[in-house]
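Spelled out from the first residue to the last, the chains are:
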Amino acid sequence: MTPPANPLPTLLRTPPMIAVGLAVVLLLLGELVRPGFADYGQVTNILRIAAFLGIVAIGQTLVILSGGEGIDLSVGAVVTLGAIVIYRFTGGSDALLLPALLIALGVGFLIGLVNGVGIAWVKIPPLVMTLGMMGVVKGLILVYTGGRPQGATPPVMKSIISDPWILGIPGDVFIWVILGVGVTLLLQRTAYGKALYAIGANRTTARLSGVRVERMLILTYALSGMFSALGGFVLLGYLQNVFINLGDPYTLPTIAAVVVGGTALAGGTGGYAGTMAGALVLTLVSSLLITLGLPEFGRQITYGLILLVLLAVYGRERRLRG
């Protein structure tokens, strides 16, 4: 009788595990380059920064999984708008935080909804639609703030997001883990998740199977906007301040994190666990480059090169499916 195959080697070859392995290698490399890079406090800080990118990348993961060359270039602008809404609406009042958060999430959801309608019903390509929406949102921010955001951050946000909860680990890391579990369950255990993978794999087959493709796309882009606004909330809690281009640096890295984590740009393959690992890898890369003294433009070029290389790899899947 043939013994059952050991699933462990196969598991170790999955993109999320490969990304985790790469993160460990980067951490060890950083320790070799500069002793203390892998100290507990430094690792905690890396996790904190990775959490910001990972939370913003939730919506990007959903959009890319939906296929059809799905991508959301408006996430950075929505991050900024979400933070500004909370900053201005609360005026530093803890009592107004919950309604302000709900308003910010609603605004993000509405922006994503418009993206989804334009893509699903008007048939505007995702790249064009979300790029245009990015410009619209930035214009709205200027109108809303006059170019100078006014307001204050509620003190309780520091306790929730920046202060350590357990073992010196800040709240945003725990929030990220909780969201990660929730999004993974959403993708793997719900009708929404199954339908999302179906339309990402083959929209014609999904439609014939009874999936309402257009509605799924609209909902997915709306969720992307909502999670982007949530990212603005978390960033505001950490920085305790807001500025006009707060979320701009996250647009490209969210795409890179999704791809590094193994989600195929053709859609239908991957998941948020991989994105979490990808966010950690990119944060470690950035931290290592800072340790080496590389300036900001060099780090941005590195993000772009990582994305381009992986685009070339995953582009084969798209051609095979087509």
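Every value quoted in this text rests on a predicted model; they were computed, and no experiment measured them. (Residues numbered from 1 in each chain as written. Predicted model: local features only at pLDDT ≥ 70, side-chain atom pairs only at ≥ 80, totals over all residues. Heavy atoms only, no water.)

Draft legend 1. Representation of the pattern of salt bridges. A complete count under the given rule lists four salt bridges for this structure. The closest approach of N and O atoms between Lys-138 and Asp-248, which form a salt bridge, is 3.3 Å. You can see Lys-138 sitting in helix H6 (residues 126-145) and its partner Asp-248 sitting in the loop between helix H11 (213-239) and helix H12 (251-260), a full 110 residues away along the chain. Since its relative accessible area comes to 33%, Lys-138 is described here as partly exposed. Residue Lys-158 is joined to Asp-163 by a salt bridge in which the shortest nitrogen-to-oxygen separation is 2.8 Å. (Salt bridge = Lys/Arg side-chain N within 4 Å of Asp/Glu carboxyl O. Helix = DSSP H or I, 4+ residues; strand = E, 2+ residues; numbered from the N terminus. Buried < 20%, exposed > 50% of the residue type's maximum accessible area, 1.4 Å probe, protein only.)

Draft legend 2. View of the side chain of Ser-162. With respect to the helices and strands, Ser-162 occurs in helix H7 (residues 155-162). Within the local environment of Ser-162, its side chain forms a polar contact with the backbone oxygen of Gly-237, the two atoms lying 3.0 Å apart. (Polar contact = N/O pair within 3.5 Å; in protein donor to acceptor, adjacent residues only side chain to side chain.)

Draft legend 3. Representation of unusual backbone geometry within the structure. Backbone geometry places Lys-123, a non-glycine residue, at a positive phi of 70 degrees. Its location among the elements puts Lys-123 in the loop between helix H5 (97-120) and H6. The class for Lys-123 is exposed, based on a relative accessible area of 57%. The backbone of Leu-167 shows a phi angle near 55 degrees, a positive value even though the residue is not glycine. Following the sequence through the fold, Leu-167 ends up in the loop between strand S1 (164-166) and strand S2 (169-170). With relative accessibility at 67%, the residue Leu-167 sits in the exposed group.

Draft legend 4. Fine view of the UniProt feature "transmembrane region" (unreviewed entry) in the protein. As recorded in UniProt, the sites labelled "transmembrane region" (unreviewed entry) are residues 48-66, 96-120, 127-145, 165-187, 217-238, 250-268, 275-294 and 300-316. Helix makes up 74% of residues 165-187 and strand 17%, whereas the separation of the span's terminal C-alpha atoms amounts to 28 Å. The distance from the first to the last C-alpha atom of residues 275-294 is 25 Å, and the span holds 85% helix and 0% strand. (UniProt positions renumbered as here; feature names shortened; annotations may be inferred.)

Draft legend 5. Molecular detail of the environment of Pro-155. Mapping Pro-155 onto the fold places it in helix H7. With relative accessibility at 48%, the residue Pro-155 sits in the partly exposed group. Spatially, the C-alpha atom of Pro-155 lies 8.6 Å from that of Gly-237, the residues being 82 residues apart in sequence. Setting aside chain neighbours within four positions, we find Pro-155 in contact with Gly-92 and Asp-94. (Contact = heavy atoms within 4.5 Å.)

Draft legend 6. Main features of the confidence of the model for the protein. Per-residue pLDDT for the protein averages 87, and the proportion of residues at 70 or more is 90%. For the protein, helix H1 (residues 7-12) is the element with the lowest average pLDDT, namely 56, and H5 is the one with the highest, namely 96. In this model, residues 317-322 is a region of pLDDT below 50 whose contacts with residues beyond four sequence positions or in other chains number 10 contacts. (pLDDT = per-residue confidence, 0-100.)

Draft legend 7. The arrangement of a nonpolar patch on the surface in detail. A cluster of nonpolar residues, Met-17, Val-20, Val-24 and Leu-28, forms a patch on the protein surface that exposes about 320 Å² of accessible area. Examined against the element boundaries, Val-20 turns out to sit in helix H2 (residues 15-33). (Patch = residues over 30% accessible without salt bridge, like charges linked within 9 Å, V, L, I, M, F, W, Y side chains within 5 Å. Areas by Shrake-Rupley, 256 points an atom, 1.4 Å probe, with all protein chains shown as cover.)

Draft legend 8. Main features of the packing of aromatic side chains. Under the definition given, this model contains two aromatic pairs. Centre to centre, the rings of Phe-52 and Tyr-238 are 5.0 Å apart; their planes meet at 40 degrees, and the pair counts as tilted. Highlighted residues: Phe-52 in helix H3 (residues 40-65) and Tyr-238 in helix H11, separated in sequence by 186 residues. Take Phe-52: its relative accessible area is 4%, and that puts it in the buried class. Residue classification places Tyr-238 among the partly exposed residues on the basis of a relative accessible area of 33%. Residues Trp-165 and Phe-174 carry aromatic rings whose centres are separated by 5.4 Å and whose planes lie at 10 degrees to one another, so their mutual orientation is stacked. Judged by relative accessible area, Trp-165 falls into the partly exposed class, the value being 43%. (Phe/Tyr/Trp six-rings, centres within 6.5 Å; stacked < 30°, edge-to-face > 60°.)

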